[in-house]
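# Structure at a glance
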Amino acid sequence: MPRSPLETPALRVLIERPQVEQRIGELAQMLAADYAGSAPLLIGLLNGAVQFMMALMERLPGELLARLDYDFIGVASYQGTESSGQVELTKDLVVAVAGRDVLVVDGIVDTGRSLDFVMAMIASRQPLSLKVCTLLNKPARREFPVPIEYCGFEIEDTFVVGYGMDCDQRYRALRHIAAIG
Ligand code: 5GP
Ligand code: MG
């Protein structure tokens, strides 16, 4: 039987909304400084990065927004029975990457498998530069080393929802980060 969307979730607040928004403001300041002489291309990972990427852009200065483009990329990872997971492209980019200062925006980096796949794909299309900005990072879980230039919060190995992160597609719209259980 499908779960009722009104069912009361057992969620524990991990990072309060004001903390999330303050940190996003700080990240936006760093990006504004680092991309001052550039027309960057932001690439958001669907669906988890949407809320974060929009909030980030909200805090960027107008002159940078006037030069900036954005697009989205979709990947799905399948764990299967083997220990090595597989990543599949579900939505490719529309905007061309060649010669652009690309900033990949992610919601959470866990094993790094999805991001590693995305980075390799984008790198093969000859961007001028390629960096990562993630709202959350779980370094203890890393299996694929991916360089992360901008990180909102490092968290412990716990399953989180909110601010774009879901559990079976639920709780994405929360404006804070919560742990389940
Ligand atoms: P990866 O292991 O490839 O770094 O992460 C794959 C994906 O698993 C992430 O993009 C995210 O969608 C999901 N994921 C990993 N950890 C969490 C978590 O704590 N909460 C939620 N909601 N999703 C997670
Ligand atoms: Mg998910």
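The following paragraphs examine the structure supplied in this document. (Residues numbered from 1 in each chain as written. Chains lettered and ligands numbered in written order. Predicted model: local features only at pLDDT ≥ 70, side-chain atom pairs only at ≥ 80, totals over all residues. Heavy atoms only, no water.)

### Considerations on the sheet that holds strand β5 (residues 101-109)
Our working definition: In this analysis, strands are considered paired if DSSP registers two or more bridges between them. Helical segments are the DSSP runs of H or I of at least four residues, strand segments are the runs of E of at least two, and each set is numbered from the N terminus. Think of each axis as a best-fit line through the C-alpha atoms, taken over the contacting stretch in the case of a helix, with angles from 0 to 180 degrees between the N-to-C directions. The contact definition used throughout considers only heavy atoms, calling two residues in contact when any of these lie within 4.5 Å.
The strand order across the open sheet formed by six strands is β4-β3-β2-β5-β6-β7, and the pairing between neighbours is mixed. In this open sheet, the two edge strands, each paired with only one partner strand, are β4 (86-91) and β7 (150-154). Looking at each pair of strands side by side, their axes are set apart by 25 degrees on average, direction ignored. The pairing of strand β2 (residues 41-46) with β5 spans four bridges and is classified as parallel. Its bridge partner lying in β5, Leu42 is registered against Leu103. Lying over the sheet, helix α1 (residues 17-34) contacts β5, β6 (129-137) and β7, oriented at roughly 160 degrees with respect to β7. Of the strands in this sheet, β2, β3 (69-78), β5 and β6 are in contact with helix α2 (residues 50-58), which crosses β3 at around 160 degrees.

### Brief notes about α2
We apply this condition: Using a 1.4 Å probe on the protein chains alone, a residue whose accessible area is under 20% of its type maximum counts as buried, one over 50% counts as exposed, and one in between counts as partly exposed.
Turning to α2, its buried residues are Gln51, Phe52, Met53, Ala55, Leu56 and Met57. Elements that come into contact with the buried residues of α2 comprise α1, β2, α3 (62-65), β3, β5 and β6.

### Observations regarding the pairing of strand β9 (residues 177-180)
As paired elements, strand β1 (residues 11-15) and β9 share four bridges and run antiparallel to each other. Note on β9: the bridge partner recorded for Arg12 is Ala179.

### Remarks on the site of ligand 1
Threshold: We call a residue near a given molecule or strand whenever any one of its heavy atoms falls within 4 Å of it. Nitrogen and oxygen atoms within 3.5 Å of one another constitute a polar contact, given that in protein one can donate a hydrogen and the other can accept it, and given that sequence-neighbouring residues count only through two side-chain atoms. The method behind every accessible area is Shrake-Rupley, applied with a 1.4 Å probe, and residues are considered shielded solely by the protein chains displayed. Under the scheme applied, nonpolar residues are Ala, Val, Leu, Ile, Met, Phe, Trp, Tyr, Cys and Pro; charged residues are Asp, Glu, Lys and Arg; polar residues are all the others, including Gly.
In the vicinity of ligand 1 lie 13 residues, with Thr111, Gly112, Ser114, Val160 and Asp166 positioned nearest. A distance of 2.7 Å is found between an oxygen atom of ligand 1 and a backbone nitrogen or oxygen belonging to Gly112. Residue Arg113 places a main-chain N or O atom 3.4 Å away from an oxygen atom belonging to ligand 1. Look at ligand 1: alone it shows 510 Å² of surface, and the protein chains cover 80% of it. For the shell around ligand 1, the secondary structure elements donating two or more residues are β5 and α4 (113-123). Its residues assigned to classes, the shell around ligand 1 shows five nonpolar, four polar and four charged.

### With respect to the pattern of salt bridges
Note the following rule: For salt bridges, the criterion is a side-chain nitrogen of Lys or Arg within 4 Å of an Asp or Glu carboxyl oxygen.
This structure, assessed with the given rule, holds eleven salt bridges. Put simply, Arg17 and Glu21 hold a salt bridge, and the shortest N to O gap is 3.5 Å. You can see Arg17 and its partner Glu21 sitting in helix α1, four residues apart, about one turn around the helix. For Arg17, a relative accessible area of 41% puts it in the partly exposed group. Of the charged contacts in the structure, one is a salt bridge between Glu21 and Arg175, with a shortest N-O distance of 3.3 Å. Separated by 154 residues along the polypeptide, Glu21 in helix α1 and Arg175 in the loop between β8 (160-161) and β9 bring together distant segments of the chain. Ionic contacts of the salt-bridge type, sharing partners, join the residues Asp110, Lys138, Arg141 and Asp157 into one network.

Scope: geometric values only; no functional claims are made or implied.
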